[in-house]
Amino acid sequence: MAPLLDVKDLTVSFRQDGKLTPAVRGVSFHLERGETVALVGESGSGKSVSALSTVSLLGDTAHVEGSVTYEGQQMIGADEALLRKVRGNDISFIFQEPMTSLNPLHTIDKQLAESLALHQGLTGDALKERILELLVKVGINDAESRLGSYPHQLSGGQRQRVMIAMALANKPDVLIADEPTTALDVTIQAQILDLLHELKESEGMGLLFITHDLGVVRKIADRVCVMKQGEIVEQGRTAEIFDNPQHDYTKKLLGAEPTGSPAPLKEDAEEIAATENLKIWFPIQKGLMRRTVGHVKAVNDATLSVRAGETIGIVGESGSGKTTLALAMMRLIASEGGITFMGNDVRKWSTKELRHLRKDMQIVFQDPFGSLSPRMTCMQIIAEGLGIHNIDPERNKRELVHDVMIEVGLDPATMDRYPHEFSGGQRQRIAIARAMVLRPRLLVLDEPTSALDMTVQVQIVDLLRDLQVKYGLAYLFISHDLKVVRAMSHRVLVMKRGDVVEYGDVDALYDNPQTEYTRSLLQAAT
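Source: prediction; values computed, not measured.

Draft legend 1. Structural context of the overall build of the chain. From N to C terminus, the chain includes 20 helices and 20 strands. What you see for the chain is a C-alpha radius of gyration of 25 Å, in line with the 24 Å of a compact globule of 526 residues. Projecting the C-alpha coordinates of the chain onto the three principal axes gives extents of approximately 70 × 55 × 45 Å. Burial statistics for the chain: of 526 residues in total, 52% are counted as buried. Restricting to contacts in the chain with at least 6 residues of sequence separation, those with at least 24 account for 68%. Of the charged side chains in the chain, 58 are positive and 70 negative, and the gap between their average positions amounts to 5 Å.

Draft legend 2. Broad picture of the sheet that holds strand β10 (residues 231-237). The sheet built from six strands is open, its strands ordered β6-β7-β8-β3-β9-β10 with mixed pairing. Strands at the two margins of the open sheet, each flanked by one partner only, are β6 (91-94) and β10. Geometrically, the sheet is characterised by an average inter-axis angle of 15° between neighbouring strands, direction not taken into account. Two elements, strand β3 (residues 36-40) and strand β8 (residues 206-211), share five bridges in a ladder whose sense is parallel. Residue T36 lies in a different strand from β8, and its bridge partner there is L207. Sheet contacts for helix α8 (residues 186-203): β3, β6, β7 (174-178) and β8; angle to β8, the most-contacted strand, approximately 155°. With respect to the sheet, helix α11 (residues 248-255) is in contact with β9 (223-228) and β10, its orientation differing from that of β9 by roughly 105°.

Draft legend 3. Up close: the pattern of salt bridges. What the rule picks out here adds up to 26 salt bridges. A salt bridge links R441 to E270, with the nearest nitrogen and oxygen atoms 2.8 Å apart. Of this pair, R441 sits in the loop between α16 (424-436) and β17 (442-446) while E270 sits in the loop between α11 and β11 (271-286), and the two are 171 residues apart along the sequence. The shortest N-O distance in the salt bridge between D360 and K359 comes to 3.3 Å.

Draft legend 4. The arrangement of a nonpolar patch on the surface in detail. A cluster of nonpolar side chains, namely F282, I284, V293 and V296, defines an oily patch on the protein surface of about 320 Å² accessible area. Counting only elements with at least two residues in the nonpolar patch, the list comes to β11 and β12 (291-307). With respect to the helices and strands, the residue V293 is situated in strand β12. The exposure class of V293 is exposed, given its relative accessible area of 55%.

The rules behind each value
- Residues numbered from 1 in each chain as written.
- Predicted model: local features only at pLDDT ≥ 70, side-chain atom pairs only at ≥ 80, totals over all residues.
- Heavy atoms only, no water.
- Helix = DSSP H or I, 4+ residues; strand = E, 2+ residues; numbered from the N terminus.
- Rg over C-alpha atoms; globule rule 2.2 N^0.38 Å.
- Buried < 20%, exposed > 50% of the residue type's maximum accessible area, 1.4 Å probe, protein only.
- Contact = heavy atoms within 4.5 Å.
- Lys, Arg positive; Asp, Glu negative; His and termini not counted.
- Charge placed at Lys NZ, Arg CZ, Asp CG, Glu CD.
- Pairing = 2+ DSSP bridges.
- Axes fitted to C-alpha atoms, helices over the stretch in contact; angles between N-to-C directions.
- Salt bridge = Lys/Arg side-chain N within 4 Å of Asp/Glu carboxyl O.
- Patch = residues over 30% accessible without salt bridge, like charges linked within 9 Å, V, L, I, M, F, W, Y side chains within 5 Å.
- Areas by Shrake-Rupley, 256 points an atom, 1.4 Å probe, with all protein chains shown as cover.

Structural measurements only, silent on function.
Right, dumping it as structure tokens:
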């Protein structure tokens, strides 16, 4: 019997400047009903291109050769009528970032209704009943009250569940999940993986799972295809690939996990920043007079300190207050309680008074592409702060940028390129260089590795540890990846719904957690 989805000798090239640039070469794999096949590899290896080829979603610049059959029907070169019937109906997609995949201008029920009305012709009460059934199936609590919500009113996990509901709306035979858990907290990630497994079993679907996270692959996949530079270099049963990899690249991927620990903290290390009983509550205002009727309690009673050469890891689920706490320490949002920075009580300092300290406190964000201006070159991005803070006015800015690019592992010859001309790992190095060129004392690292491949994660962790030793940097390291947190941190602070539930030495906390919540986070990460 023919496989549910069968890809043979798939080759994809993209036309650019009159030339064809190959992206996928000779890829072959198949997917059976009720089976999960994982496509793994680094960014640019051809995973998503291979998946999008299954229903001809690559656009006019793509030149596709080979064979892709769904239940014996050829998809390459198929007419639009057949492709429209198959897309979203028989073969559905879940994409990596639900915030950009969902329409921000439409409510959840409207977005779900569109597919159901198009493919099944449902209207009225039958349509609403089916939407509620789908939301309940994917674990949306109090589904009826969520129908009129917009995407920004939902958490990351809830948005991903809505994306899954949309993909399942027409009971597809094949579900293609493209990095569906990358940006999610470990507990939410575990829930989404369990949900996908349950739905695959109950609906009898075939699941094609695309990811760079090998920990996820081990949990969910029956078979694995390892891709490198557009080719499948190894494929087989998951246990066989993990226990006895044959290809050097597979061995490299499996070995790419942040290990080790930061350099020991000096006993006389000076305190760089600290908070005492910090509280951040955002007022909820309603009515014509905008009266305060309540508060969003983002952070309650947080006390911590970070010294030169020390990393404080901050972990917890989305909405727990991790980033809010860090922004308040940098006096970027209002708060109550004590804040000291380099020996100064900065609680009541004005924006003007804080200006001379700003170069000493810098941030590196999660999404290096979103945080870099697409209209500025690498050189302009890194040098921007030099002019603002009047750093080394006597030196040529290109020289300063040249030096810091070498320091973070970038080729100075690329300084006149734009962000889109760099890989994800290179863009994150640019973001680090932009902060480091000012020689800060405190660096807030807000999920700096979550969007990166495993091999690149290791490189960035090594780079950050080296820079910390060289310059005695204090880090606040915010992450949901507990393996990276352990490799980076001296102490760890665990947050839940604005409260600090545990705070202590990294090894003691990981080896002997004192709260049930910390234990659940660590268990979800294994």
